[in-house]
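Residue-level structural notes
Residue strings, one per chain:
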Amino acid sequence: MLEGEKWRKLSWRRGTKGRLSCRFAATRVRIADGHKHRMADGRVQAMPGDEEVWLIGERRATRERKYYASNLPADTSLKALAAAVKARWICEQAHQQLKEELGLDHFEGRSWTGLHRHALMTMIAYAFLQSRRLKAAGRKKKSPRTTPATDHANRQASHPRRIRETPTNTMPSL
């Protein structure tokens, strides 16, 4: 479906070897998650669903191709889609560190409350260690320039019906 689309070379961040970039294309599609339909030969096939999603393609310099699906709004730019796809790597790295270094996967309790407390304490420890790592590396605050992902989050947060005020001087009880 993406063969006829225009592939654009986009850069999403600066890495240790310079700007990271590759080619991206995207189109709106309907995923086959609708009602099931029995075919004449007995197979069952899902029909297209009601909502459209983004089908995002990535062509790397190594000729490797990757494809992603996203439920971001229809007016999302290709650059914002690429940034969202590439932000996933950072999340995966953080999750791996939470499991390997801080024991997120070592919970042996039997309640949701216990699991949530364990996950919360693990994430607090991760945030503390990350702040120490950044301080030790001597990194300064990033420029106040916002990314497309934060622009989208700010746009959603500014919607008056979605804002929920909470006191800032109280801590949740554990």
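Above: the structure in question.
So, here is what we can say about the structure in this document.

Parameters at a glance
- Residues numbered from 1 in each chain as written.
- Predicted model: local features only at pLDDT ≥ 70, side-chain atom pairs only at ≥ 80, totals over all residues.
- Heavy atoms only, no water.
- Helix = DSSP H or I, 4+ residues; strand = E, 2+ residues; numbered from the N terminus.
- Buried < 20%, exposed > 50% of the residue type's maximum accessible area, 1.4 Å probe, protein only.
- Contact = heavy atoms within 4.5 Å.
- Salt bridge = Lys/Arg side-chain N within 4 Å of Asp/Glu carboxyl O.
- Pairing = 2+ DSSP bridges.
- Axes fitted to C-alpha atoms, helices over the stretch in contact; angles between N-to-C directions.
- 1 Å grid on protein atoms, 1.4 Å probe; cavity = no way out; pocket = protein on both sides within 12 Å on 5 of 7 lines; lining within 4 Å.
- Points joined across faces, edges and corners; volume = space filled by probe spheres on them.
- Phe/Tyr/Trp six-rings, centres within 6.5 Å; stacked < 30°, edge-to-face > 60°.
- Lys NZ or Arg CZ within 6 Å of the ring centre and 35° of its normal.
- Parallel < 35°, antiparallel > 145°, perpendicular 65-115°, else oblique.
- Left-handed = near helix turned anticlockwise from the far one by under 90°.
- Nonpolar A, V, L, I, M, F, W, Y, C, P; charged D, E, K, R; others polar.

Let's talk about the overall build of the chain
A count of helices and strands for the chain gives three helices and six strands. Listed N to C, the secondary structure of the chain is β-β-β-β-β-β-α-α-α in terms of helices and strands. Within the chain, buried positions represent 20% of all 174 residues. Contacts spanning at least 24 positions in sequence make up 41% of the contacts within the chain whose residues lie at least 6 apart.

Some words on the pattern of salt bridges
Within this structure, the stated rule accounts for seven salt bridges. What you see here is one network of salt bridges that share partners, running through Glu58, Arg60, Glu64 and Lys86.

Points about the sheet that holds strand β2 (residues 18-30)
In spatial order, the strands read β1-β2-β5-β6; together these four strands make up an open sheet with antiparallel pairing. Each having just a single partner strand, β1 (8-15) and β6 (65-70) make up the two edges of the open sheet. Taken over all neighbouring pairs, the strand axes of this sheet differ in orientation by 35° on average, direction set aside. With seven bridges connecting them, β1 and β2 associate as antiparallel partners.

Some words on the pairing of β6
Remark: a regular strand shows side chains that alternate across the two faces of the sheet. Bridge analysis of strand β5 (residues 52-59) against β6 gives six bridges, and the strand direction is antiparallel. Looking at β6, one finds that glutamate 58 is bridged to lysine 66. Adjacent in sequence and paired antiparallel, β5 and β6 are bridged by five residues, among which arginine 63 carries a positive phi angle near 75°.

Some words on the layout of surface pockets
If you add up the space inside the second largest pocket, you get close to 340 Å³. In terms of lining residues, the second largest pocket is bounded by 15 residues, among which Trp12, Glu58, Arg60, Lys86 and Trp89 are the most central. Elements with a contribution of two residues or more to the lining of the second largest pocket: β1, β2, β6 and α1 (78-100). No other element matches the five residues that α1 contributes to the lining of the second largest pocket.

Some thoughts on the packing of aromatic side chains
Applying the stated criterion across every chain yields a total of one aromatic pair. Aromatic side chains tryptophan 12 and phenylalanine 24 sit 6.1 Å apart centroid to centroid with 85° between the ring planes, which places their arrangement in the edge-to-face category. Taken together, the residues span a long stretch of sequence, with tryptophan 12 in strand β1 and phenylalanine 24 in strand β2 at a distance of twelve residues. With relative accessibility at 24%, the residue tryptophan 12 sits in the partly exposed group. Taking relative accessible area as the criterion, phenylalanine 24 reaches 0% and is therefore assigned buried. Lying across the ring of tryptophan 7, arginine 59 places its NZ or CZ 3.9 Å from the centre. Its guanidinium or amino end placed over the ring of tryptophan 12, lysine 86 lies 4.6 Å from that ring's centre, counting from NZ or CZ.

Description of the packing of α1 against helix α2 (residues 112-137)
Interhelical geometry of α1 versus α2 gives an angle of 110° and a closest axis separation of 10 Å. Considering their axes alone, α1 and α2 lie roughly perpendicular with respect to each other. Considering only the axes of α1 and α2, their crossing is right-handed. In this structure, α1 uses Ala94, Gln97 and Leu98 to contact α2, whose residues at the interface are Thr122, Met123, Tyr126 and Arg133. Broken down by class, the residue content of the contact of α1 with α2 amounts to four nonpolar, two polar and one charged.

In short, geometric facts, not functional conclusions.
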